[in-house]
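# Structural features, examined
In case you want the letters, here they are:
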Amino acid sequence: MGKTMWRAAVAGGAAVVLTAMAAVPAGAAEGGVAFSRVTVNGGKPIVIGVKEEVKVFVTFRMTTKLKYDYGPTVFPYRGRTGSGDELWNAIFTSDCKVVNKAKGICDFDEWLYIEPRHTDFGNEDAGTWKTAARLRLPGSAQDIDDKNLPLQVKRATRVTVNASPEPVGKGSTITVTGRVTRANWDTHTYQGYAGRSVSLQFKAAGSSSYKTIKKVTSSGTGALKTTVKATVPGTWRWTYYGNTTSGAKSSAGDHVAVR
């Protein structure tokens, strides 16, 4: 069990909370608090690189007439509600936006700040998390609600492309190469992603969309290579569609003129 670590600063109803990936405090769930309309990152996966802090937008509604010490928070966790591990993040919650004062209904905005270089963050954090909402009450009590909302946290990927020769004669063979790499949160570098099925896509000159031409499996170093016939001018790219722990990514396009 890791060390529980959190602290909050309150200005008005707003709170900044730092939470470590550690056991969620098991204070009594008091009841009398209801959370609804929870959205995290617009329902999209949270994709994180190796250096830049990621800011995740959250919205939710809370209904309560209870007095509380700190503003409510929505947070990712694993394990059992109230005794699992939380994803390391810093949380800022807005002041209450009153919906119905008599009934104690407020809407909140929240921002999760995830720092991939933090010592409590690593490759093991990729995958599916759960989402819970919490309100800390006087006397170290709290109300925690499991919102039954899966949340994907993914390692970012990068993809490069090069098509040659260019220009090329109609009907000639061109070679398209590239590389797919994935964020390593333990070393804070991008490393070759082996054994990935990556789509080679082509957009003809004048077209607005890409079409998949073939699929190629990346080498042990993440390298991609294939050959195709050049029939019309256009742009080539590689697209990796991701998986449960890795984000999707397309390379930039490489235009090839056909004479």
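Below you will find a few notes about this structure. (Residues numbered from 1 in each chain as written. Predicted model: local features only at pLDDT ≥ 70, side-chain atom pairs only at ≥ 80, totals over all residues. Heavy atoms only, no water.)

### A few points about the overall build of the protein chain
Within the protein chain one finds zero helices and 22 strands. In the protein chain, which comprises 259 residues, the proportion classed as buried is 44%. Put simply, 66% of the contacts in the protein chain that link residues at least 6 apart link residues at least 24 apart. Entry remark: accessible area of the protein chain is about 12700 Å², with carbon and sulfur atoms responsible for 52%. (Helix = DSSP H or I, 4+ residues; strand = E, 2+ residues; numbered from the N terminus. Buried < 20%, exposed > 50% of the residue type's maximum accessible area, 1.4 Å probe, protein only. Contact = heavy atoms within 4.5 Å. Areas by Shrake-Rupley, 256 points an atom, 1.4 Å probe, with all protein chains shown as cover.)

### Observations regarding the environment of phenylalanine 108
Checked against the element boundaries, phenylalanine 108 lands in strand S10 (residues 105-114). Its relative accessible area of 1% is what places phenylalanine 108 among the buried residues. Not counting residues up to four positions away in its chain, the partners in contact with phenylalanine 108 are Val58, Thr59, Phe60, Met62, Tyr68, Pro72, Thr93, Ser94, Asp95, Cys96 and Lys97.

### Let's talk about the state of the cysteines
Enumeration according to the criterion identifies one disulfide in this entry. Covalently, cysteine 96 is tied to cysteine 106 through a disulfide, its sulfur atoms 2.0 Å apart. Looking down the S-S bond of the cysteine 96 and cysteine 106 bridge, the torsion is -75°, so its handedness is left-handed. A residue pair is termed long-range when its members are at least 10 positions apart, and cysteine 96 in the loop between strand S8 (89-93) and strand S9 (97-100) and cysteine 106 in strand S10 qualify at ten residues. (Disulfide = S-S within 2.5 Å.)

### Some remarks on the packing of aromatic side chains
Going through the model one piece at a time under the given rule, you end up with eight aromatic pairs. Arranged with centres 6.1 Å apart and planes meeting at 55°, the rings of phenylalanine 35 and phenylalanine 60 form a pair that is tilted. Of the two residues, phenylalanine 35 is situated in strand S3 (residues 33-40) and phenylalanine 60 in strand S5 (residues 54-64); the sequence distance between them amounts to 25 residues. When its relative accessible area of 3% is taken as the criterion, phenylalanine 60 is described as buried. With a centroid separation of 6.3 Å and 55° between ring planes, the pair formed by phenylalanine 75 and tyrosine 77 is classed as tilted. When sorted by exposure, phenylalanine 75 lands in the same class as tyrosine 77, which is buried. Taken together, the ring pairs in this structure connect Phe35, Phe60 and Phe108 into an aromatic cluster. (Phe/Tyr/Trp six-rings, centres within 6.5 Å; stacked < 30°, edge-to-face > 60°.)

### Some thoughts on the environment of leucine 135
Inspection of the secondary structure assignment puts leucine 135 in strand S11 (residues 127-136). On a C-alpha basis, the gap between leucine 135 and proline 72 in space is 4.6 Å, while along the polypeptide they are 63 residues apart. Apart from residues lying up to four places away in sequence, leucine 135 is in contact with Val33, Phe35, Met62, Thr64, Tyr68, Tyr70, Gly71, Pro72, Ala141, Gln142 and Asp143.

### Notes on the side chain of asparagine 41
For asparagine 41, the location among the structural elements is in the loop between S3 and strand S4 (46-48). A polar contact of 3.0 Å, which involves the side chain of asparagine 41, links it to the backbone oxygen of proline 45. Residues contacting asparagine 41, with those up to four places away along its chain left out, are Ile46, Val56 and Phe57. (Polar contact = N/O pair within 3.5 Å; in protein donor to acceptor, adjacent residues only side chain to side chain.)

### Side note on the pairing of S5
Of the pairings in the sheet, the one linking S3 to S5 comprises six bridges and is antiparallel in character. When the sheet's bridge partners are listed, threonine 39 is paired in S5 with threonine 59. (Pairing = 2+ DSSP bridges.)

### Section: the pattern of salt bridges
For the structure on display, the rule yields four salt bridges. The partner of arginine 134 in a salt bridge is glutamate 86, with the nearest N and O atoms 3.0 Å apart. Here glutamate 86 lies in strand S7 (residues 85-86) and arginine 134 lies in strand S11, a separation of 48 residues in the sequence. The pair formed by arginine 134 and glutamate 86 is uniform in burial state, with each residue classed as buried. (Salt bridge = Lys/Arg side-chain N within 4 Å of Asp/Glu carboxyl O.)

### Side note on the side chain of threonine 157
Summarising the element assignment, threonine 157 is placed in strand S14 (residues 157-164). Looking at threonine 157, its side chain comes within polar contact range of the main-chain oxygen of glycine 247, at 2.8 Å. Excluding residues within four positions of it along the chain, threonine 157 makes contact with Thr181, Arg182, Tyr190, Tyr193, Tyr240, Ser246, Gly247, Ala248 and Lys249.

### Description of unusual backbone geometry
Trans is the common state for peptide bonds, and a negative phi is the common state for residues other than glycine. Between serine 164 and the following residue, proline 165, the backbone shows a cis peptide bond with an omega angle of -5°. Cis peptide bonds are those with omega within 30 degrees of zero, and the linkage from glutamate 166 to proline 167 qualifies with 0°. Mapped onto the fold, proline 167 is located in the loop between S14 and strand S15 (173-184). In this structure, histidine 188 takes a positive phi of about 60° despite not being glycine. If you trace the backbone, histidine 188 turns up in the loop between S15 and strand S16 (189-192). Given the relative accessible area of 28%, histidine 188 is considered partly exposed.

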